[in-house]
Amino acid sequence: MSTVQAEQGIEDLKLNGGAGVPPAANGAAASNGAGGEVEAGDSDDDDEGEEGAGKQDGTEGAAKKKKKRKPRKKKKAGAGAGTGAAGGGAKAQTGPPRIPVAQLFPDDSYPVGQEMEYQNDNAYRTTSEEKRHLDRLNPDFLTEYRQAAEVHRQVRQYATSVIKPGMSLTEIAEIIEDGTRHLTGHMGLEEGDNILGGVAFPTGLNLNHCAAHYSPNAGNKIVLKHEDVMKVDFGVHVNGRIVDSAFTVAFDPQYDNLLASVKDATNTGIAHAGPDARMSEIGEAIQEAMESYECTINGTTYPIKAIRNLNGHTITQYSIHGGSKGKSVPIVKNSHSTEKMEEGETYAIETFGSTGKGVVRDDMETSHYAKIADAPKVALRVASAKTLLRSIDKNFGTLPFCRRYLDRLGHDKYLLGLNNLVQVGVLRDYPPLCDIKGSFTAQSEHTILLRPNVKEVISRGDDY
Ligand code: HZT
Ligand code: MN
Ligand code: MN
């Protein structure tokens, strides 16, 4: 048990307390069922960062001017109302989180995410009887997504409250993963349990110039420092319905604008998403929002660049990247993509900002792996590879996993077998992705559902 857990013991935490409505949730209504919708054209205070990154209408004072590098068009489609998810009436969770959300929300009454009306060409969808009918056909998968999202909110609320300089990355990852296991009710130690629900992919804990896919392996002694900027990216699934959402933690206020830039960029991407939306236009809007910020760190002012080789992505059941026909959501313009979004799809809208080159490359030791869904069946000649693959099939299927999850299942000396599975094309490795040393990166990510008549930001909370 971690020091933090030992010190805190099990005490009641009031979840998502009603008072904590963030600026982004101005005008927010309740989350369950009615309410939560954004009025068409309600761009009031839409999607600005919590630190008051300033509006683009020329009303901001001189004090705020330094925060933005250049003005940008005021947005029309609001990512306006927050959800206040799990607000009034929700029963208390413990700290650390240990009560399955199924117990806290009887009869599958999980909070609805942030529902946003479609805009412009798609405005008809809001009232279309046909679209509203289609929307009623799908209650199971919606309930599963909402349950997974509620677990994500409760776990991140606890994690955010306890993450402090001095904690090891291993401790932080275990807090998040153990919280996810308890709240989904899937501890993942029995055959097949992980497939029913639980941890959807390894917890990414990416420091400073590293943007994605870093998770500690066994023996990792890295300790979080006051001056670190850490991207926390974790996934929760219920019956393969994956909620993929990430935020950035920093203790030094010098990073405030960097953090605000990615929140703004992600909310801009969400606002532009919808059936028939062009990927190229979403990428352009995201980049414009992100690159309107700059950030001064230790006396040097950096433009914030959108990381051009990182993307959002579709999500399908049990597939974090939407399988072989998966689509990418660019975060810069000039992406040659001619693709469009379509009704019924699920997207992870994620954006990354950097003070460095704005490009990532593979760096450091790999922790993340996943089966290649359409991999050819090959005869395995390494005994440990066979054993390992049987276990991967039973415990993860096509969900990504990391070395610590193999350790936890009791595997030992598996590295040769693991590398063999990568080498023969059964597994894909996902090495950490980092910008240049000395740079700082931030990330913001939400999962959204393009329902027939409304888009639902399933992972929205009163935090982000
Ligand atoms: C891969 C492995 C994992 C998907 C994005 C991502 C974390 O960069 C198409 C576009 C978990 C997720 C993924 F273990 N990746 N979201 N959250 N990483 S990705 C990708 O490989 S595939 C982007
Ligand atoms: Mn993610
Ligand atoms: Mn993602």
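Within any chain, residue numbers begin from 1 and follow the written order of that chain's sequence. Labels are handed out in written order, letters beginning with A for the chains and numbers beginning with 1 for the ligands. Restriction of local features to residues with pLDDT of at least 70 applies here, the model being predicted, together with a cutoff of 80 or more for giving and counting side-chain atom pairs; totals for whole chains, interfaces and linings are based on all residues. To obtain the side-chain values, all non-hydrogen atoms of the structure were included, while hydrogens and water were left out.

**Side note on the coordination of the manganese ion (ligand 2)**
Every protein donor of the manganese ion (ligand 2) is accounted for by Asp233 (OD), Asp233 (OD), Asp244 (OD) and Glu445 (OE), and the metal-donor separations fall at 2.0 to 2.3 Å. Spacing between the donor residues of the manganese ion (ligand 2) along the chain follows D-x10-D-x200-E. Keep in mind that water is not among the atoms, so a site may look incomplete; donors are the N, O and S atoms within 2.8 Å of the metal, or 3.2 Å for Na, K and Ca.

**Observations regarding the coordination of the manganese ion (ligand 3)**
Protein coordination of the manganese ion (ligand 3) is provided by Asp244 (OD), His313 (NE2), Glu350 (OE) and Glu445 (OE), with donor distances spanning 2.0 to 2.2 Å. Along the chain, the residues that donate to the manganese ion (ligand 3) are spaced as D-x68-H-x36-E-x94-E. The metal-metal distance between the manganese ion (ligand 3) and the manganese ion (ligand 2) comes to 3.3 Å, with Asp244 coordinating both. A residue pair is termed long-range when its members are at least 10 positions apart, and Glu350 in strand β13 (residues 346–354) and Glu445 in strand β19 (residues 441–450) qualify at 95 residues. Remark: exposure states derive from per-residue accessible area (1.4 Å probe, protein chains only) relative to the maximum for the residue type, with buried under 20%, exposed over 50%, and partly exposed in between. Residue classification places Glu350 among the buried residues on the basis of a relative accessible area of 8%. Segments assigned H or I by DSSP are reported as helices when at least four residues long, segments assigned E as strands when at least two residues long, and all are numbered from the N terminus.

**Quick notes on the packing of helix α8 (residues 256–272) against helix α9 (residues 279–290)**
Axes here mean lines fitted to C-alpha atoms, for a helix over just the part in contact, with angles spanning 0 to 180 degrees between N-to-C directions. Packing of α8 against α9 brings their axes to within 8 Å, and their N-to-C directions diverge by 155°. By the angle class used here, α8 and α9 are roughly antiparallel. When the axes of α8 and α9 are compared, the crossing they make is right-handed. Contacts from Ser261, Val262, Asp264, Ala265, Thr268, Gly269 and His272 in α8 reach Ile282, Ala285, Ile286, Ala289 and Met290 in α9. Working definition: roughly parallel below 35 degrees, roughly antiparallel above 145 degrees, roughly perpendicular at 65 to 115 degrees, and oblique for all remaining angles. In this scheme the crossing of two helices becomes right-handed for a clockwise turn of the near helix relative to the far one and left-handed for an anticlockwise turn of less than a right angle. Only heavy atoms enter the contact rule, under which two residues are in contact if any of them lie within 4.5 Å.

**Some remarks on the site of ligand 1**
Nearness of a residue to a molecule or strand requires only that one of the residue's heavy atoms be within 4 Å of it. Close contacts around ligand 1 come from 16 residues, with His213, Asp233, Glu350, His368 and Pro400 the closest. Interatomic distance of 2.9 Å between a side-chain N/O atom of Asp233 and a nitrogen atom of ligand 1. Take His313: an N or O atom from its side chain is 3.3 Å from a nitrogen atom of ligand 1. Relative to its unbound accessible surface of 490 Å², ligand 1 loses 87% to contact with the protein. Elements with a minimum of two residues in the shell around ligand 1: β4 (197–207) and β11 (312–315). Here the shell around ligand 1 is built from residues that sort into five nonpolar, seven polar and four charged. Lining the shell around ligand 1 are residues from two domains, each supplying at least three of them: domain 1 (3–28 + 80–365 + 435–457) and domain 2 (368–430). By the criterion applied in these results, polar contacts are pairs of N or O atoms within 3.5 Å in which, for protein atoms, one can donate a hydrogen and the other can accept it, and in which residues neighboring in sequence qualify only through two side-chain atoms. Calculation of accessible area relied on Shrake-Rupley with a 1.4 Å probe; when residues are assessed, cover is drawn exclusively from the protein chains displayed. In this classification, Asp, Glu, Lys and Arg are treated as charged, Ala, Val, Leu, Ile, Met, Phe, Trp, Tyr, Cys and Pro as nonpolar, and every other residue, Gly included, as polar. For the domain bounds, the source is a domain assignment made automatically or taken from a database.

**Considerations on the pattern of salt bridges**
Charged atoms that come close allow side chains of opposite charge to pair. Here, a salt bridge means any Lys or Arg side-chain nitrogen found within 4 Å of an Asp or Glu carboxyl oxygen. This model, assessed by the stated rule, comprises 19 salt bridges. Ionic pairing is found between Glu150 and Arg153, a salt bridge with its closest N-O pair at 2.8 Å. You can see Glu150 and its partner Arg153 sitting in helix α5 (residues 139–162), three residues apart, about one turn around the helix. Arg153 matches Glu150 in its accessibility class, with the two residues each being buried. Residues participating in the shared-partner salt-bridge network are Glu115, Asp135, Arg146, Arg451 and Glu456.

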